[in-house]
Amino acid sequence: MATFSPYVFNLIPHPRSSSASSNPNSPANLNSINAKIGRRRSSRRTSGFAVLSAHSNPRIVKSNRRSRYGQVLSPYDTEYNAENEDGDWFFDIMSIQAEDSETEESDADRKKFKSQKGNDTIRGNRRQLGEDESMRSVKSEGSFKVSKGDLDVKTGTNAIGSSYHTVNKSEDYDSLEMDGRGKLKARKSTKNKYCRLSEEIDLDEKWFPLLDYLSTFGLKESHFIQMYERHMPSLHINASSAQERLEYLSSIGVKHRDIKRIILRQPQILEYTVENNLKSHVAFLLGLGIPESRIGHVIAAAPSLFSYSIENSLKPTVRYLIEEVGIMKNDLGKVVQLSPQILVQRIDISWNARYSFLSRELGAPRDSIVKMVTKHPQLLHYSIEDGLLPRINFLRSIGMRNSDILKVLKNLTQVLSLSLEDNLKPKYMYLVNELRNEVQSLTKYPMYLSLSLDQRIRPRHRFLVSLKKAPKGPFPLSSFVPTDECFCQQWAGTSLDSYLAFRQRLLLKDFAKKYEKRR
């Protein structure tokens, strides 16, 4: 079966024998062309035609083929250089009759217009279609698209690249689409879709397929501007290549909603090939002991790891964590899951700084600090001046000694990540004023500081008080540890539904009080 490719036949024959033919831009040649154009326009007005040919083989294309107007069609492609044409000549494939003349555009004007920011390239020729004009359907097994005067054969949707206006509508359309059943439908111009983007950056229409695809992940024009400013070459990626890479990420567990965030944080990921980059990095993560079900989480948290060399960067970081920090090899997978960023930071600097600070400030031995890092590796990311020191000073201010603080931190290192004003201070005040407990009780039940005051601590305390089952003296912090169901069975002696209903009423009441204070 012959493979067909499209060629647009030029109605202006290329003069081979004349002396002027060697230069298509010579005055004699241009005068001859202009004269023929004038005669053609005066005699009849037509939008032209296009023919699907098998590589312009005269044995395949009938040499005696004629147009609807009786003109003999040459089986050969024109040798006239498209770059030297005085204008873009657009030939419709649907025998659409136009009412206005073709507008011409010189090479100089076209180059000047392309350089203007925020404007799309003028494609084709503008025509006005009357209300009574009809379009003839073209039945074809394949599909085709004419854009910028060229005809491309492809599979998919048929489209005629043309911008036009109807008599009754002033909307611009970029093309006419064929739905595969011989019916044409107008498609809105893509230049109108990215108006803001074209005002901000030098937008290339070649990017439109990629932008359309990325839009399916929730990216908007403002996000594309971010991508352009962060890494402009990422917008040059072929849409099908980007789709292949993002589909691979989805296949290994990256959630659809996370892909948007990944692209914004690391637009370079669109450039990383599946075989040479993505798969090798995923295999590296699996080798650390990270289960397949958690790979997507690790990538979403630290997409920049794909930009690091496995041999020169990632593996040396892992060796440092094991040999210098002292993390057990069996714990490495858990550490990376808790803090994927640990693979892409200067671990030597962050470890040495925090090890020195905790040793000096609290007298913490090395094994205690290693235990903290293993349980809560985010510790290596926290600022010393704005994070660690203020929280240690707060614990000191409520009466804890350095040994007590160290004990709390070894059991609940994430205390160093809790907000002072919204978390630690309110819980301490409730502990002392409502629960009648001493601060030393926190060394035995440091988990108290990690529990929600509104969702667990206050509701359980108030529920037992309402049932008159609250013990006398200090309220037992151990009652906050078990699940709701176990709490109801062991402490309240009621059904779970009764407790949940009580908690709901309490939350609504507290919310109403906060709302009144804001008014």
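Residues numbered from 1 in each chain as written. Predicted model: local features only at pLDDT ≥ 70, side-chain atom pairs only at ≥ 80, totals over all residues. Heavy atoms only, no water.

**Structural notes on the overall build of the chain**
Threshold: Strands are runs of DSSP state E lasting at least two residues, helices are runs of H or I lasting at least four, and both sets are numbered from the N terminus onward. Each residue gets one of three labels from its accessible area relative to the maximum for its type: buried under 20%, exposed over 50%, partly exposed in between, using a 1.4 Å probe on protein chains only. In what follows, a contact means two residues having at least one pair of non-hydrogen atoms within 4.5 Å. Per-residue and other accessible areas were derived by the Shrake-Rupley procedure at a 1.4 Å probe size, with only the shown protein chains allowed to occlude residues.
For the chain, the count of helices and strands is 20 helices and nine strands. When each of the 519 residues of the chain is scored for burial, the buried share is 43%. Counting contacts in the chain only where the partners sit at least 6 residues apart, residues at least 24 apart contribute 64% of the total. Just so you have it, the chain exposes about 28800 Å², and 48% of that area is on carbon and sulfur atoms.

**What to know about the confidence of the model for the chain**
Stated precisely, the cut-off is as follows: pLDDT is defined as a per-residue confidence score from the predictor, taking values between 0 and 100.
Per-residue confidence for the chain gives a mean pLDDT of 75, with 63% of residues at or over 70. Throughout residues 1–25 the model reports pLDDT below 50, and contacts reaching past four residues in sequence, or to other chains, amount to 57 contacts. Here residues 39–69 is modelled with pLDDT under 50, and outside its nearest four sequence neighbours on either side it reaches 71 contacts, counting other chains as well.

**Some words on the nonpolar core**
Selection rule: Take the buried residues of types Ala, Val, Leu, Ile, Met, Phe, Trp, Tyr and Cys, join any two whose side-chain atoms come within 4.5 Å, and each joined set is a nonpolar core.
In this structure, Leu 285 and Tyr 448 are the most contacted members of the largest nonpolar core, which totals 109 residues. No other element matches the six residues that helix H10 (residues 310–325) contributes to this core.

**Some points on unusual backbone geometry**
Located in the positive-phi region is Arg 436, a residue other than glycine, with phi close to 60°. Turning to its location among the elements, Arg 436 is positioned in the loop between helix H16 (420–433) and helix H17 (441–444). Accessibility expressed as a relative area gives 58% for Arg 436, which makes it exposed. The backbone of Lys 468 shows a phi angle near 60°, a positive value even though the residue is not glycine. Along the chain, Lys 468 turns up in the loop between helix H18 (453–466) and helix H19 (484–492).

**Thoughts on a positive patch on the surface**
The condition that has to hold: Residues qualify for a patch when their relative accessible area is over 30% and they have no salt bridge, like charges being joined within 9 Å and the nonpolar side chains of Val, Leu, Ile, Met, Phe, Trp and Tyr within 5 Å. We define a salt bridge as a side-chain nitrogen of Lys or Arg found within 4 Å of a carboxyl oxygen belonging to Asp or Glu. All tallies of charge rest on Lys and Arg as positive and Asp and Glu as negative; His and the ends of each chain are not included. Here the site of a charge means atom NZ of a Lys, CZ of an Arg, CG of an Asp or CD of a Glu.
On the surface, Arg 462, Lys 509, Lys 513 and Lys 517 cluster together into a patch of positive charge. The element contributing the most residues to the positive patch is helix H20 (residues 496–518), with three residues.

**A few points about the packing of H19 against H20**
Here is the rule: Orientation is described by lines fitted to C-alpha atoms, with helices fitted over the stretch in contact, and by angles between N-to-C directions that extend from 0 to 180 degrees. Oblique is the label for any angle not covered by the other classes, which are roughly parallel (under 35 degrees), roughly antiparallel (over 145) and roughly perpendicular (65 to 115). In this classification, the charged set is Asp, Glu, Lys and Arg, the nonpolar set is Ala, Val, Leu, Ile, Met, Phe, Trp, Tyr, Cys and Pro, and all remaining amino acids, among them Gly, are polar.
It is at 9 Å that the axes of H19 and H20 come closest, and there the two elements cross at 110°. Regarding the angle of H19 to H20, the classification is roughly perpendicular. Where H19 abuts H20, its residues Asp 484, Glu 485, Phe 487 and Cys 488 lie against Leu 496, Tyr 499, Leu 500 and Arg 503. Grouping the amino acids of the contact of H19 with H20 by side-chain chemistry returns five nonpolar, no polar and three charged.

**Remarks on the state of the cysteines**
Our working definition: A pair of sulfur atoms, both from cysteines and within 2.5 Å, is called a disulfide here.
Tallying each qualifying case throughout the model produces zero disulfides. Free of any disulfide, Cys 488 has its nearest neighbouring cysteine sulfur in Cys 486, separated by 9.4 Å.

**As for helix H6 (residues 239–251)**
Here is the rule we go by: Helix span is expected to be 1.5 Å times the residue number reduced by one.
If you check H6, its first and last C-alpha atoms are 18 Å apart, about what 13 residues at 1.5 Å a residue would give, namely 18 Å. Looking at the packing, one finds that the buried side of H6 touches helix H4 (208–215), helix H7 (256–265) and helix H8 (274–287). One or two residues past the end of H6 sits Gly 253, with phi positive at roughly 110°.

**Description of the packing of aromatic side chains**
Each aromatic ring pair is summarised here by two numbers: the centre-to-centre distance and the angle between the ring planes. Note the following rule: When two rings of Phe, Tyr or Trp (its six-membered ring) have centres within 6.5 Å they constitute a pair, described as stacked for plane angles under 30 degrees, edge-to-face for angles over 60, and tilted for the intermediate range. Definition used: whenever NZ (Lys) or CZ (Arg) falls within 6 Å of the ring centre and also within 35 degrees of the ring normal, the charge is taken to sit over that ring.
Applying the stated criterion across every chain yields a total of 11 aromatic pairs. On the numbers, 6.3 Å between centres and 70° between planes, the contact of Tyr 194 with Phe 224 is edge-to-face. Taken together, the positions of Tyr 194 in the loop between strand E9 (184–188) and helix H3 (195–200) and Phe 224 in helix H5 (residues 221–231) put the pair 30 residues apart, joining distant regions of the chain. Residue Tyr 194 shares its accessibility class with Phe 224, and that shared class is buried. Following the ring pairs from residue to residue traces out a cluster consisting of Phe 463, Phe 487, Tyr 499 and Phe 502. Over the ring of Tyr 355 we find Arg 366; its NZ or CZ atom is 5.3 Å from the centre of that ring.

**What to know about the environment of Ser 359**
For clarity, the cut-off: N or O atoms within 3.5 Å of each other form a polar contact, as long as, within protein, one can give a hydrogen and the other can take it, and as long as residues adjacent in sequence are counted only when both atoms are side-chain atoms.
Positionally, Ser 359 belongs in helix H12 (residues 347–362). The sequence separation of Ser 359 and Ile 369 amounts to 10 residues, and the corresponding C-alpha distance is 8.3 Å. In contact with Ser 359, not counting residues within four places along its chain, are Ala 364 and Ile 369. Here Ala 364 takes part through its backbone oxygen, which lies 3.5 Å from a polar atom of the side chain of Ser 359.

**Some words on the pattern of salt bridges**
Opposite charge on two side chains makes pairing possible when the charged atoms of those side chains draw close. Inspection of the entire model under this criterion finds 10 salt bridges. A salt bridge links Asp 258 to Arg 261, with the shortest nitrogen-to-oxygen separation between them at 3.4 Å. Pair noted here: Asp 258 and Arg 261 are both in helix H7, with a separation of three residues, about one helical turn. Taking the relative accessible area as the measure of exposure, Asp 258 reaches 15% and is therefore buried.

**Focus on the packing of H5 against H7**
Between H5 and H7, whose axes approach to 9 Å, the crossing angle comes to 35°. Along its contact with H5, which presents His 223, Met 227 and Arg 230, the element H7 presents Lys 260, Ile 263, Leu 264 and Arg 265. Of the residues belonging to the contact of H5 with H7, the class tally is three nonpolar, one polar and three charged.

**A look at the side chain of Arg 460**
With respect to the secondary-structure elements, Arg 460 resides in helix H18. Judged by relative accessible area, Arg 460 falls into the buried class, the value being 0%. Here the side chain of Arg 460 touches Thr 483 through a polar contact of 3.4 Å, landing on its backbone oxygen. Discounting residues that sit within four places of it in the chain, Arg 460 has contacts with Ser 479, Phe 480, Val 481, Pro 482, Thr 483, Asp 484, Phe 487 and Tyr 499.

**Points about H18**
Our working definition: To get the bend at a given residue, fit one axis to the seven residues ending there, fit another to the seven starting there, and take the angle between those axes.
Within H18, the axis deviates most sharply at Pro 459, by approximately 30°. Buried within H18 are the following residues: Leu 453, Ile 457, Arg 458, Pro 459, Arg 460, His 461, Phe 463 and Leu 464. Elements in contact with the buried residues of H18: H16, H19 and H20. By the N-cap criterion, in which a side-chain oxygen at the helix start approaches the backbone nitrogen of a residue two or three places on, H18 is capped by Ser 452, the distance to Asp 454 being 3.5 Å. A positive backbone phi angle near 60° is found at Lys 468, which sits one or two residues after H18.

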